[in-house]
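# A look at the structure
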Amino acid sequence: MRQEEWNNDEKYCRKNKEETWYIKNQLTNRKDTDRMKLTGSEEAMALKAFEYELPVHLIFGAGKAECIGKEVKKYGKKVLIVTGRGSTKRSGLLDRVEKLLEAEGLEHLLFDEVEPNPLASTAEKGAQIARENGCEVVLGLGGGSIMDCSKSIAFAAVNEGKIFDYIYGKKTGKGALPLILVPTTCGTGSEGNCFAVLTDDETKDKKSLRDYSVIAKASVIDPELMMTMPKKVLASVGFDALCHCMEAYLSKACAPVTELFAKEGIRLIGENLVKAYENYEDKDAWGAISLASTYGGMVINQAGVAAPHGLEHPASGLRNITHGRGLAALTPVIYKKSIPAAPERFAEIARLLGGKDENELVDILEQLLETLELKTSLGNEGVKMEDVDWMT
């Protein structure tokens, strides 16, 4: 990264005062040395103060795609398949799934207009098709954008009006159609949470619909379905999954249960992402990063995301940046400035990624990005200096 590009990204991070506040408040602000001073009973009492709820049915394993038809049948006889414009067709997955549905006697319609960084209007169009055709269940088949749009379609199909009215809290939703999700990328973890990220067509705001009604009735996570994605997609979504786990672990809201999943997700990605990237035949590595991706979705459901995602969403909403590339531009810059606020937490992340302490973390991340051919800057991704005021 050229020095001026680094400086521009750093300027954006500094300028966004609200997100800078979020960085400081999301990071664990109590040093591990302070925690060690607690007595056993005090530590136990501290661990009691959290809530955890995530009612999602995960069906994980190679070959599990064969159960898609049976899972869908539990929730309705008429299915809206939501997917993108090409990848599931080229891979043959769409044809395979249609046959599985037909074998269970299910009627299906296809909505294949979902774009990367899906627009609210796309979700509303899909919802209208679902309503007009009496669809009883939504089947999302694809990567993070498809799963997020599927959730939004399921929600908008039973909640009238503009979906951003619900995102902004102007209206309250009343449920959603039953939803089955089948991820074909290992990055967003959308199959494991209640978030659905959309972009407002007019304002370009990129925000999350957050409603427990859009948690999938079942998520079928078959690592073999991931193995057809291009290397550049794997690099991007894999880094996104890592960021989910790191940000949740750094969150002040991180509960003990969440911490377990987050740290294991970091470890699995650190040990296996490059292996899968360099050897597509390594099925064990694919299984590991697929599981880590789901963990990443689960942990942000409870702990939320932190500054890298908070700063990336305005950039990708405005300039339609690939999400993982936006995170690649921002994360090293943010962490370089944030490490003093939570050195022990950053040190643990570094150790999980093969390092010794917090001082090595940024170098480890930059080396990973170099290996994945993902090293970039906001400027390289199309963001202009005049965009910064809008993004903040």
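Below: a short report on this structure. (Residues numbered from 1 in each chain as written. Predicted model: local features only at pLDDT ≥ 70, side-chain atom pairs only at ≥ 80, totals over all residues. Heavy atoms only, no water.)

## Topic: the nonpolar core
With 71 residues, the main nonpolar core has Leu234, Phe239, Leu242, Trp286 and Tyr335 as its most contacted residues. When contributions to this core are tallied by element, the ones reaching two or more residues are helix H11 (231–250), helix H12 (256–278), helix H13 (283–303), helix H14 (307–319), helix H15 (323–338), helix H16 (343–352), helix H17 (361–371) and helix H18 (388–391). The greatest single-element share of this core, amounting to 12 residues, is contributed by H11. Counting residues in hydrophobic clusters, the runner-up holds 31 residues, among them Phe111, Ala127, Ala130 and Leu198. (Core = buried A, V, L, I, M, F, W, Y, C linked by side-chain atoms within 4.5 Å. Buried < 20%, exposed > 50% of the residue type's maximum accessible area, 1.4 Å probe, protein only. Helix = DSSP H or I, 4+ residues; strand = E, 2+ residues; numbered from the N terminus.)

## Some remarks on the side chain of Glu98
Assignment of secondary structure puts Glu98 in helix H7 (residues 93–103). Of the side chains with opposite charge, Lys99 comes closest to the buried, unpaired Glu98, at an N-O distance of 8.3 Å. Apart from residues no more than four positions distant in its own chain, Glu98 is found in contact with Ile81 and His108. (Lys, Arg positive; Asp, Glu negative; His and termini not counted. Salt bridge = Lys/Arg side-chain N within 4 Å of Asp/Glu carboxyl O. Contact = heavy atoms within 4.5 Å.)

## Remarks on the packing of aromatic side chains
In the structure shown here, the tally under the stated rule is five aromatic pairs. Each ring, one from Tyr280 and one from Trp286, has its centre 5.0 Å from the other, and the planes form 80 degrees; the classification is edge-to-face. Taking relative accessible area as the criterion, Trp286 reaches 0% and is therefore assigned buried. Ring plane angle 70 degrees and centroid distance 5.1 Å describe the contact between Tyr335 and Phe346, whose orientation is recorded as edge-to-face. Placement of Tyr335 in helix H15 and of Phe346 in helix H16 is noted, with a sequence separation of 11 residues between them. Owing to a relative accessible area of 2%, Tyr335 belongs among the buried residues under this scheme. It is Arg210 that lies over the ring of Phe195; its NZ or CZ is 4.6 Å from the centre. Sitting over the face of the ring of Tyr277, Lys231 holds its NZ or CZ atom 4.2 Å from the ring centroid. (Phe/Tyr/Trp six-rings, centres within 6.5 Å; stacked < 30°, edge-to-face > 60°. Lys NZ or Arg CZ within 6 Å of the ring centre and 35° of its normal.)

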